[in-house]
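# Descriptive analysis of the structure
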There are 2 protein chains.
Amino acid sequence: MIRPDNVVDLDSIWTRFRPVLEAELKYVVGRASLPLYDMMRYHMGWVDEAGRTLEGTAGKRLRPVLCLLACHALGGEWRQALPVAAAVELVHNFSLIHDDIQDSSTERRGRPTVWHIWGQPQAINVGDAMHALALSSLLRLEDTGTAHSKMVRAARILGEASLNLSEGQYRDISYESHLDIKVSDYLSMISGKTAALFSCSLEIGAIMATDNESDIYRMKSFGHSLGMTFQVHDDVLSIWGDERTTGKSSASDIRMKKKTLPVVYGLETATGSDAERLWGIYQKDILNPTDIKDVMQILDKLDARGYAQNMSKTYFNEALSDLNEVYIAQPEKAELEAVAAFLLDRKH
Amino acid sequence: MIRPDNVVDLDSIWTRFRPVLEAELKYVVGRASLPLYDMMRYHMGWVDEAGRTLEGTAGKRLRPVLCLLACHALGGEWRQALPVAAAVELVHNFSLIHDDIQDSSTERRGRPTVWHIWGQPQAINVGDAMHALALSSLLRLEDTGTAHSKMVRAARILGEASLNLSEGQYRDISYESHLDIKVSDYLSMISGKTAALFSCSLEIGAIMATDNESDIYRMKSFGHSLGMTFQVHDDVLSIWGDERTTGKSSASDIRMKKKTLPVVYGLETATGSDAERLWGIYQKDILNPTDIKDVMQILDKLDARGYAQNMSKTYFNEALSDLNEVYIAQPEKAELEAVAAFLLDRKH
């Protein structure tokens, strides 16, 4: 899988893990014929609104692929970790379904959101069912011969991650009505909202492979730093990304007054008339195009983009340093590094 | 605890289990100081909107008390089952928080609902966090020395119940826009929405006490029948209950066009002009007082109340017959029977 020049081919990683993972996910979500499950399949990208099979792209499945890679890198049989990798992806997706309701987002990945098609009450329910399915998925570890003690530990970690996710989401929603959010508040928020599930993916992947607590701890820490890298970079893309590759208007997160890192940094560090203007804009209920242009100008002036890029680079370096302390053979380490680099450099 | 004349004192059952159970619940929900947890504590009835401690009544905690009673009746140490009893109650309450959003209910137990105070986005999140906490609570079984294999089994049962709950909720929501709902559809719905969690409570309680699979199966079945009894009786109360004891207007479930058993029975069996009138009313968006009066009159004419009471009595008898096949000493059996009778006879 590694090219002679030691450059990792990312596609070969996706190709190795994704189809098997997707089959596992489809098995778990396909357990019943009730239309409730069609709504889940729609969200997962497998069928259209009418339940007709779709070809092609679902999500990137970053978290479960990282889980499987971690298991493989530490000498485990990654296929044994499939139930728990699928569980992590289901927790991620249940939270997206609820997130779309909470944000009133009508589109995700270029398709109408679940609530936008089937209404909020049913969408709340689809998310709840997927949350419950995540546990069912994890407990399929029993069929792969995993020890009960490891299953209990994996369930505990997944449950904690799910709770941290809600805590991060709590902060995110409550920040909407506050302007005095500091960068430290923002970091607490994404630590729960995003990093917790990355951290959980890598930790459980490691647990499935080894009993070496130090390696497990380092992998968990690697996952946390990766998640932070991912989210901060995501925030940069949400403002300065290319609309054609990100699939959403670059201004939309500013129009929705999202407390992304560049904005939080701007609110915290702007002074004089810039501060006045920025705080004034973020106190408005609805932003007009001039407001958005002004926000962009102030953020540019403060080099909020450079600040955020720098921060994602810092987390990336922390991730690599965590990884360096785990004993892994070179080809496997190179693969994990390649995925980490992808999180930092991706364009969408 | 049993009076000399062998009549069980229900209060003695509540007094024995509820305070210890409430302490367990408070411990699990009290894990962090984030306001998110205050919102959960508010819903559980322990604090007011401002976070000030409240005295007195929370919910009835029927499901966890039944779980503990089942464990005790089969010779188990009921205190060992506290984490899982609390987990069942948390699943029940997470579903109530989401239910109130789905139904746009502004009040529950005479107090504003979580979404009505903190908004829908945060209420979705409070429910999600409580769903995750249920698993954390269950996994505290490890501290009570429960074998990992039993913990895995309990987690599987709770996860399945949670999924069945969502399936029942799916049916409930989808029935709102349909008139051709049969009594059999209704029974599928409440089997998921209500009976699944009762069944889970009794099954897990039994598992904590015994390895006798036949007793476990009977207890599970007893729980299912109890849940059906409870829900059908609840439907009767929702239409013909005394407003002063139920705490909600008797007409509200009819005004909201809820597909309760008496209504489903009415829609299925009414003929001639009654059928025409009833179907006409249930096709309207908003019902006026005359509509509601007419519905009540048609239901009375069909003796829909007697039909429903008869059905809850039938499930009650099934419950007693399941219980009779479990080997339990008389005082403990009498207690379980007394709680079952309470579910059938309660006025609110």
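A brief report on the enclosed structure follows. Computed from a predicted model, the values in this text were never measured in an experiment.

Moving on, we get to the relation of the copies chain A and chain B. At an RMSD of 0.0 Å, chain A and chain B line up after a rotation of 180° and a shift of 0.0 Å along the axis. Between the two chains, the operation in question is that of a two-fold axis. Scanning chain A for the C-alpha nearest the rotation axis identifies histidine 148 of chain A, at a separation of 2.8 Å.

So, about the interface of chain A and chain B. Across the boundary between the two partners, chain A contributes 42 residues, which contact 41 residues of chain B. Roughly 3,800 Å² of surface becomes buried between chain A and chain B when both sides are summed, with 63% attributable to carbon and sulfur atoms. A salt bridge links arginine 156 of chain B to glutamate 142 of chain A, with the shortest nitrogen-to-oxygen separation between them at 2.3 Å. Put simply, chain A and chain B have 17 residue pairs in polar contact (both at pLDDT 80 or more) between them. Within the residue set of the side of chain A that touches chain B, elements represented by two or more residues are helix H2 (35-44), helix H4 (82-102), helix H6 (120-139) and helix H7 (148-175) of chain A. Here the element with the most residues in the side of chain A that touches chain B is H7 of chain A; it accounts for 17 residues. A breakdown of the residues in the side of chain A that touches chain B according to their chemical character gives 21 nonpolar, 14 polar and seven charged.

Residue and element names in this part refer to chain A. In terms of residue burial, helix H12 (residues 261-269) counts as a mostly covered element, since seven of its nine residues are buried. Along H12, the residues that are buried comprise Leu261, Pro262, Val263, Val264, Tyr265, Gly266 and Leu267. Buried residues in H12 make contact with helix H8 (183-207), helix H9 (213-240), helix H13 (272-283), helix H14 (289-301) and helix H15 (304-324).

As a further point, take the nonpolar core. Ranked by internal contacts, the top residues of the largest apolar core, which has 179 residues, are Met219 and Leu336 of chain A together with Met219 and Leu336 of chain B. The contacts of methionine 219 of chain A, once residues within four sequence positions are left out, are Ala70, Leu74, Leu202, Ala206, Leu323, Val326, Ile328 and Leu336 of chain A. In this structure, Tyr186, Ile254, Val263 and Leu267 of chain A belong to the second largest nonpolar core, which totals 35 residues.

Residue and element names in this part refer to chain B. Contact pair helix H9 (residues 213-240) / helix H16 (residues 330-345): the axes reach a minimum separation of 8 Å and the direction vectors enclose 25°. Judged by the angle between their axes, H9 and H16 are roughly parallel. Residues Met219, Phe222, Leu226, Thr229, Phe230 and His233 of H9 touch H16, and the partners they reach there are Leu336, Ala340, Leu343, Leu344 and Asp345. Here the contact of H9 with H16 is composed, by residue class, of eight nonpolar, two polar and one charged.

In this fold, asparagine 125 of chain A is placed in helix H6. Here asparagine 125 of chain A falls in the buried class, since its relative accessible area comes to 2%. Other than its neighbours up to four places away in sequence, asparagine 125 of chain A contacts Leu36 of chain A together with Gln102, Ser166, Gln169, Tyr170 and Ile173 of chain B.

Rules used in this analysis
- Residues numbered from 1 in each chain as written.
- Chains lettered and ligands numbered in written order.
- Predicted model: local features only at pLDDT ≥ 70, side-chain atom pairs only at ≥ 80, totals over all residues.
- Heavy atoms only, no water.
- Least-squares fit on C-alpha atoms with pLDDT ≥ 70 in both.
- Contact = heavy atoms within 4.5 Å.
- Buried area = accessible area lost by both parts, 1.4 Å probe.
- Salt bridge = Lys/Arg side-chain N within 4 Å of Asp/Glu carboxyl O.
- Polar contact = N/O pair within 3.5 Å; in protein donor to acceptor, adjacent residues only side chain to side chain.
- Helix = DSSP H or I, 4+ residues; strand = E, 2+ residues; numbered from the N terminus.
- Nonpolar A, V, L, I, M, F, W, Y, C, P; charged D, E, K, R; others polar.
- Buried < 20%, exposed > 50% of the residue type's maximum accessible area, 1.4 Å probe, protein only.
- Core = buried A, V, L, I, M, F, W, Y, C linked by side-chain atoms within 4.5 Å.
- Axes fitted to C-alpha atoms, helices over the stretch in contact; angles between N-to-C directions.
- Parallel < 35°, antiparallel > 145°, perpendicular 65-115°, else oblique.

Honestly, it's all geometry; don't read function into it.
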